[in-house]
Structure formats: structure tokens, C-alpha cells
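Structure at a glance
Residue-level listing of the chains:
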Amino acid sequence: MSMIVTPFTGRPPLLSKRFCRTALPLDIQDDLLFSDTSTLRKAVGRLDERGWNTDEAMYPSTRIRARAILGSIREEILEIALSNNPVATIDTLLELRARELQAISEFPPWVRFDPRDLTDRTVSTDLFAARLVIQLEHLQNLFFIERLLLRYGHSDKGDLLEVSYGLVDLTLPEPDEELPTSNGSMKVMAYAVPGGGILCLELLKPTLHIRPHRDPRITRSSIIQKLSLLVGFLNWVSPSGPNGDLCNDAKSVIQRVLDQTLNATSSIHQPSAVIDWDFSTQVDFDFDLLDTFDWNRPDFPASQQSNQ
């Protein structure tokens, strides 16, 4: 739970894993945990060499196990991000990114998210939701790592833009889908809005006309569409609801970016050098790695208004 709350609050986790010896949960059915010793041992014996079940089932313990693995890496990311003194190097962050990618690749196929799940009607709602949450937490880990890499001076080859697009794309409902519940607004603030800040910056300081992205989904048009969908969802969130003020502020800023982009009379290949804003609306996250709207502040250096 600390790994979920910390990005919202900017406070360190309650207890570091360095002081814990709790092993990963056994990937077995809940009812087997309360069975007799012999049955439990047989269930444990059927686990594979990495500790996953061989029933190809998404048990509650499967979700917890997957998220705990990602949470362990998240803790190391947060330790770097929240430290008062530099505690990492670019090589450290690149090694973290490699471990994150390896961890998700070692998950069983029935645990990993597949883009085809979005249209596969044979995938149950519960299974899809579990895979989606795991994928979003994986992407958020990558998002934090990419943000830290840029902070430490590493060159960006479009990785942050790709991760940000994925966060927005997977979080928002399709136009023909039902709007999510109030819990969905927290998911949007945690995943889609920070990613949206990076997409906004791509519209304000475009790079795709110079170097098309390796991901063919990511174009100026698709970014505008995703941000428009994000504004529509944020408009649905009540100002008195959870994160209502933050949602409203984010909506106002993203809407202004879209207005400037769509109403601009100059060529998209000649973006304006100065962003002319009314700075009265700010999107204030307590955790700076989620705050991708820092370019919307009067004290932000114009020379840094780039997503590269």
C-alpha cells in the first residue's frame, strides 16, 4: 500500500524492504491456505521453479505476487527520487530499467497484459482488470525511471513519450465504454494525467516532425485525440469528488494546450518559442515525478521547455 500512496503524498514508504524478511506470497488458491498440511504441500509442489502456479489461473495471490515484485523495484525508485542527496548514477537507473523489463518478461503469459485483451471477448472482466493494473504499475515504474534519467542528464530517445502515451491510452475508457467510478478518477490522476503532461509538452515543443517515433501509434493527431479524451473524462469528474480540484486544474491546462495547438496559425514545424500563459491555474502534485506540468509555471526556464 505504501508504494501506491507514496507517489500521491511525496512521503517515503512506512517501512523499507531492507528491514523486512517477508517472502513473496505463495501463488496458490486462497482456500488451499486453510487446508490440511498434506494438501497445502501438494499445492506448493505444483508451483513452477519461479514460484508461479501451473494452473494458468489469476488467483488473488497471483496479483499480489506480481505487484509485490514490481513494488520492490518501485521502492528503489522512490528511494532515489525522495533522497535529499544524489544517491544514484545513470548506470544505476539503467540497471533498474533493465531489471524492471526483465521482471515483467518473467511473469507467466496469463499474468502479462496483452494489447489484444482490449478486444478479446473471451478474457473475463476480472482477468482483464488484474492484467491492466499490473501493466499500469509496470508503466508507472518505467515512467519514474525515465523521468529520473532525464533529471540525471541522460538523453531521451523517445522512451518517456512512449511510456506516457501508453499510460494515457490504457487508463482512459474508449468513447463507447461506460465512464469509470470515482475510483477511476484516482487511477486517471495517478497514470493518465502525468502522462498527459508529457503529451502536452510534445504539442507545445514538437519533435515528431523532425524524427517520427518508432511506435507508429504516436503521432501528433493521435496525441491530440488522447488529450481530448482525457479532457472529456476530467470534465466528468465532479469538483467535489475525490481529487476534484486537481482534476479541474489539469483539465484547464490541457484544454489550453489543445486550444493553442488547434488554433495556431503558424506552421506546426515552427512552434512558438515562448509559451504565453495565464499562470493562475497550476497542477500541483506532492510528488515531483508525477508533476509533468512544471513547464506551466512562470519560474520554469524556457530553455527546458522540451520533452527531450
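See the structure shown above.
1. What about the overall build of the protein chain?
On a plain count of helices and strands, the protein chain comes out with nine helices and zero strands. Written out in order from the N terminus, the α and β elements of the protein chain read α-α-α-α-α-α-α-α-α. The burial tally for the protein chain puts 45% of its 308 residues in the buried class. By sequence separation, contacts in the protein chain at least 24 residues apart represent 73% of the contacts at least 6 residues apart. Accessible area for the protein chain stands at about 16,300 Å²; split by element, carbon and sulfur atoms hold 52% of it.

2. Quick look at the nonpolar core
Formed by 55 residues in total, the largest nonpolar core has its most connected members in Val 188, Val 193, Ile 223, Leu 227, Leu 230, Leu 234 and Ile 254. Broken down by secondary-structure element, the contributors of at least two residues to this core are helix 3 (60–82), helix 4 (90–105), helix 5 (125–151), helix 6 (159–171), helix 7 (182–204), helix 8 (220–236) and helix 9 (244–263). Sort the elements by how many residues they give to this core and helix 7 lands first, with eleven residues. What Val 188 contacts, discounting residues up to four positions off in sequence, is Thr 171, Leu 172, Val 193, Pro 194, Leu 230, Phe 233 and Leu 234. In terms of nonpolar packing, the next biggest core, distinct from the first, is built from ten residues, Met 58, Phe 107, Val 111 and Ile 134 among them.

3. Thoughts on unusual backbone geometry
One non-glycine residue, Glu 56, lies in positive phi territory at about 55°. Judged by relative accessible area, Glu 56 falls into the exposed class, the value being 57%.

4. Some points on the packing of helix 5 against helix 6
At a minimum axis separation of 9 Å, helix 5 and helix 6 run at an interaxial angle of 150°. Relative to helix 6, the element helix 5 is oriented roughly antiparallel. Seen from above, helix 5 lies across helix 6 with left-handed handedness. On helix 6, the residues that touch Leu 132, Gln 135, Leu 136, Leu 139, Gln 140, Leu 142, Phe 143, Glu 146, Arg 147 and Leu 150 of helix 5 are Asp 159, Leu 160, Val 163, Ser 164, Gly 166, Leu 167, Leu 170 and Thr 171. Split by residue class, the contact of helix 5 with helix 6 holds ten nonpolar, five polar and three charged.

5. Topic: empty space enclosed by the protein
Counted by the stated rule, this structure contains one cavity of 30 Å³ or more. Taken as a whole, the largest cavity encloses approximately 70 Å³ of empty space. Around the largest cavity sit Asp 27, Ile 28, Gln 29, Leu 32, Ala 43, Arg 46, Leu 47, Asn 53, Thr 54, Asp 55 and Tyr 59, which together line it. The class makeup of the residues in the lining of the largest cavity is five nonpolar, three polar and three charged.

6. Here's the deal with helix 4
In this model, helix 4 (16 residues) spans 23 Å end to end at C-alpha, consistent with the 22 Å of a helix rising 1.5 Å per residue. Residues Leu 93, Leu 96, Arg 97, Glu 100, Ala 103 and Ile 104 constitute the buried set of helix 4. Each buried residue of helix 4 sits inside an arc of 125° when the element is viewed along its axis, so together they form one side. Buried residues along helix 4 sit against helix 3, helix 5 and helix 6.

7. A closer look at the environment of Leu 24
Mapped onto the elements of the fold, Leu 24 is located in the loop between helix 1 (2–9) and helix 2 (37–45). When its relative accessible area of 39% is taken as the criterion, Leu 24 is described as partly exposed. Considering only alpha carbons, one finds Leu 24 and Ile 69, 45 residues apart in sequence, at a separation of 8.0 Å. Leave out the neighbours within four places in its chain, and Leu 24 touches Arg 65, Ala 68 and Ile 69.

Conventions adopted
- Residues numbered from 1 in each chain as written.
- Predicted model: local features only at pLDDT ≥ 70, side-chain atom pairs only at ≥ 80, totals over all residues.
- Heavy atoms only, no water.
- Helix = DSSP H or I, 4+ residues; strand = E, 2+ residues; numbered from the N terminus.
- Buried < 20%, exposed > 50% of the residue type's maximum accessible area, 1.4 Å probe, protein only.
- Contact = heavy atoms within 4.5 Å.
- Areas by Shrake-Rupley, 256 points an atom, 1.4 Å probe, with all protein chains shown as cover.
- Core = buried A, V, L, I, M, F, W, Y, C linked by side-chain atoms within 4.5 Å.
- Axes fitted to C-alpha atoms, helices over the stretch in contact; angles between N-to-C directions.
- Parallel < 35°, antiparallel > 145°, perpendicular 65-115°, else oblique.
- Left-handed = near helix turned anticlockwise from the far one by under 90°.
- Nonpolar A, V, L, I, M, F, W, Y, C, P; charged D, E, K, R; others polar.
- 1 Å grid on protein atoms, 1.4 Å probe; cavity = no way out; pocket = protein on both sides within 12 Å on 5 of 7 lines; lining within 4 Å.
- Points joined across faces, edges and corners; volume = space filled by probe spheres on them.
- Expected span 1.5 Å × (residues − 1).
- Arc of directions from axis to C-beta.

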